[in-house]
Amino acid sequence: MSFESLGLSPALLRALADAGYTTPTPIQNEAIPLALAGHDLIAGAQTGTGKTAAFGLPLLQHLAGRTPDGKGPRRPRALVLAPTRELALQVHDSLRGYAKHLSLRMAAVYGGVGMQGQIDALRRGVDVLVATPGRLIDHLDRRGVDLSQVEVLVLDEADRMLDMGFLPAIKRILGGLPKQRQSLLFSATFETALKQLAQQFLREPREVQVTPVNTVAETISHRAHPVDAARKRDLLLDLLRQPDIGQTLVFSRTKHGADKLARLLNQAGIASDAIHGNRNQNQRLRALGGFKQGRIAVLVATDVAARGIDIDRLPTVINFDLPMVAEDYVHRIGRTGRAGAEGQAISLVTAEDAPLLRAINKVLGREVSLVDHAGFAPSTPIRIEAPSQPSRARPAGHNRRSHAGAPRRAHAGAGAARSRGGQGGHAAPRQPSRP
Ligand code: AMP
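The following paragraphs examine the structure supplied in this document. In this text the structure is predicted, and so the values were computed from the model without any measurement.

**So, helix 2 (residues 26–36)**
Looking at helix 2, one finds that the buried residues are Ile27, Gln28, Ala31, Ile32 and Ala35. Angularly, the buried residues of helix 2 cover 105° about the axis, an arc narrow enough to put them on a single face. Packed against the buried residues of helix 2 are strand 1 (41–44), helix 3 (51–64), strand 6 (182–187) and strand 7 (206–209). The positive-phi residue at the C-terminal boundary of helix 2 is glycine 38, with phi of around 95°.

And the structure:
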């Protein structure tokens, strides 16, 4: 398939050529023709699959083909709701790139910054509004935005928006939109509340699911280093000092922990910054910008802050702490190995992490190799129990670049993974609220 054969306009094709895109990704192949035909859509796609263009290109083509009604400043004809400021900005930037040969106005509104700049932008008029739900409600309450002309609605990373408690805000926003519209819902997972939302607000949606839920790129190697809790920081430093480690995103479970790690790394001469919900918008943008431009070697992040971060060619993700929810491992690792690039995922695991690692193996459908890192073998060995039933899991290739020993023990804990709300981890896992 080519972009031409998907029915996109010359102006969009030129922008895609400018961006160096030659072939549509699977989600683009599936979603673009359906969206161009005017269907509502439920799309199962994670960050990194090219989902922004999958909804963005049809949306832009739709808007560019029609002149806005009435006089005065333009009112939004497309609304994209996204869970985080980072994702909202990223979507806004991507859409601007795709729309570079069209004369459409765009704005992004999100929390953590002053209202005035956004109020002014809305007053000047916009065609496409990208917004986080909470800040959009603020603007609606001040009557600073009129959504009566919205023709296309996109819910991006809908599961994460629900996970973050935005359901009431989303319902309120959607309840006030014109009934006659196109709605496109993108999500990595589909739990009951999301299905109900889709039933309530979408009309005869077509479903596209290109990447099975909870798969990660085959080009990523996974390994876990067993370590005593007290030595995790030293092990992290040792790993980051390996010559071939490359730029690294490090995950910490807590905001406080993320700050402490970034400080420790800077003191050790490794340029780092932290990104999490307690940092203000400028700090977050500075950290992300520094990382993208290569000024910062290590970005330490919490799960919520990292969602939607798009970094080209990120070679390494390190889980300093394992995520509390196994499915988040997949989201974390989705930052590397994009578009066929090689990546490595390294996890530091203590004896208490064994149940989490079992759950991760189950969600991944393969085994994360346990590899002792030279000089850091733990005093208590980690026991990953043998599966109660024959496992279909296959070993995840342990990393060539590891200078550590051979994998010790690695069994998929098929019987031990947590199953929440009566759902297994394989088909449509629940995304419980953050602890
Ligand atoms: P997304 O899933 O929308 O966040 O996109 C992930 C990354 O893939 C972004 O850096 C996009 O610019 C890039 N991308 C999206 N579609 C294509 C494509 N067809 N060819 C090459 N890169 C793409």
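Anyway, onward from the coordinates.
**Examining the nonpolar core**
Counting residues in hydrophobic clusters, the biggest one holds 43 residues, and the most contacted among them are Leu57, Leu59, Leu60, Leu95 and Val128. Once residues within four sequence positions are removed from consideration, leucine 95 is found in contact with Gly56, Leu60, Val80, Met106, Val128 and Val130.

**Focus: the site of the ligand**
Close contacts around the ligand come from 15 residues, with Tyr21, Gln28, Gly48, Gly50 and Thr52 the closest. Residue tyrosine 21 places a side-chain N or O atom 2.4 Å away from an oxygen atom belonging to the ligand. Threonine 49 places a main-chain nitrogen or oxygen 3.1 Å from an oxygen atom of the ligand. Alone, the ligand offers 500 Å² of accessible surface; in the complex the protein occludes 79% of this. Here the shell around the ligand is built from residues that sort into 3 nonpolar, 8 polar and 4 charged. Counting contributing residues, the shell around the ligand receives three or more from each of domain 1 (3–209) and domain 2 (220–391).

**Overview of the pattern of salt bridges**
Tallying each qualifying case throughout the model produces 14 salt bridges. The partner of aspartate 163 in a salt bridge is arginine 160, and the shortest N-O contact between them spans 4.0 Å. You can see aspartate 163 and its partner arginine 160 sitting in helix 7 (residues 158–163), 3 residues apart, about one turn around the helix. Classification of aspartate 163 by relative accessible area gives buried; the value is 9%.

**Brief notes about the sheet that holds strand 5 (residues 152–155)**
Ordered in space as 3-4-2-5-6-1-7, the 7 strands form an open sheet in which the pairing is parallel. The open sheet has two edge strands, strand 3 (106–109) and strand 7, and neither has a second partner. Each neighbouring strand pair of the sheet contributes to a mean axis angle of 15°, computed without reference to strand direction. In terms of strand pairing, strand 5 meets strand 6 through 4 bridges, oriented parallel. Within strand 6, the residue paired with leucine 155 across the bridge is leucine 185. This element, helix 6 (residues 133–141), spans strand 2 (78–81), strand 3 and strand 4 (128–131) of the sheet and lies at about 120° to strand 4.

**Things to note about the packing of aromatic side chains**
Under the definition given, this model contains 2 aromatic pairs. Here the aromatic rings of tyrosine 21 and tyrosine 98 are separated by 6.0 Å at their centres, their planes lie at 65°, and the arrangement is edge-to-face. A residue pair is termed long-range when its members are at least 10 positions apart, and tyrosine 21 in the loop between helix 1 (10–19) and helix 2 and tyrosine 98 in helix 4 (residues 85–98) qualify at 77 residues. An angle of 65° between the planes, with centres 5.3 Å apart, marks the rings of phenylalanine 55 and phenylalanine 186 as edge-to-face. Taken together, the residues phenylalanine 55 in helix 3 and phenylalanine 186 in strand 6 connect sequence positions 131 residues apart. For phenylalanine 55, a relative accessible area of 0% puts it in the buried group. Since its relative accessible area comes to 1%, phenylalanine 186 is described here as buried.

**Some words on the side chain of lysine 51**
One can find lysine 51 in helix 3. Residue lysine 51 is classed as buried on the basis of its relative accessible area, which comes to 3%. Here aspartate 156 takes part through its side chain, which lies 2.9 Å from a polar atom of the side chain of lysine 51. Sequence-distant contacts of lysine 51, defined by excluding residues within four places in its chain, comprise Ile27, Ala45, Gln46, Leu87, Asp156, Glu157 and Phe186.

**What to know about the sheet that holds strand 9 (residues 248–251)**
Backbone hydrogen bonds are what pair the strands of a sheet, in a parallel or an antiparallel way. Strand order across the open sheet formed by 7 strands is 10-11-9-12-13-8-15, with parallel pairing between neighbours. For this open sheet the edge positions go to strand 10 (272–275) and strand 15 (369–370), each flanked by a neighbour on one side alone. Across 4 bridges, the pairing between strand 9 and strand 11 (residues 298–301) is parallel. Bridged to phenylalanine 251 within strand 11 is alanine 301. Packed onto the sheet, helix 14 (residues 326–333) meets strand 8 (220–226), strand 9, strand 12 (316–319) and strand 13 (343–349) and runs at close to 155° relative to strand 12.

Rules used in this analysis
- Residues numbered from 1 in each chain as written.
- Predicted model: local features only at pLDDT ≥ 70, side-chain atom pairs only at ≥ 80, totals over all residues.
- Heavy atoms only, no water.
- Buried < 20%, exposed > 50% of the residue type's maximum accessible area, 1.4 Å probe, protein only.
- Helix = DSSP H or I, 4+ residues; strand = E, 2+ residues; numbered from the N terminus.
- Arc of directions from axis to C-beta.
- Contact = heavy atoms within 4.5 Å.
- Core = buried A, V, L, I, M, F, W, Y, C linked by side-chain atoms within 4.5 Å.
- Near = heavy atom within 4 Å.
- Polar contact = N/O pair within 3.5 Å; in protein donor to acceptor, adjacent residues only side chain to side chain.
- Areas by Shrake-Rupley, 256 points an atom, 1.4 Å probe, with all protein chains shown as cover.
- Nonpolar A, V, L, I, M, F, W, Y, C, P; charged D, E, K, R; others polar.
- Domains from an automatic or database assignment.
- Salt bridge = Lys/Arg side-chain N within 4 Å of Asp/Glu carboxyl O.
- Pairing = 2+ DSSP bridges.
- Axes fitted to C-alpha atoms, helices over the stretch in contact; angles between N-to-C directions.
- Phe/Tyr/Trp six-rings, centres within 6.5 Å; stacked < 30°, edge-to-face > 60°.

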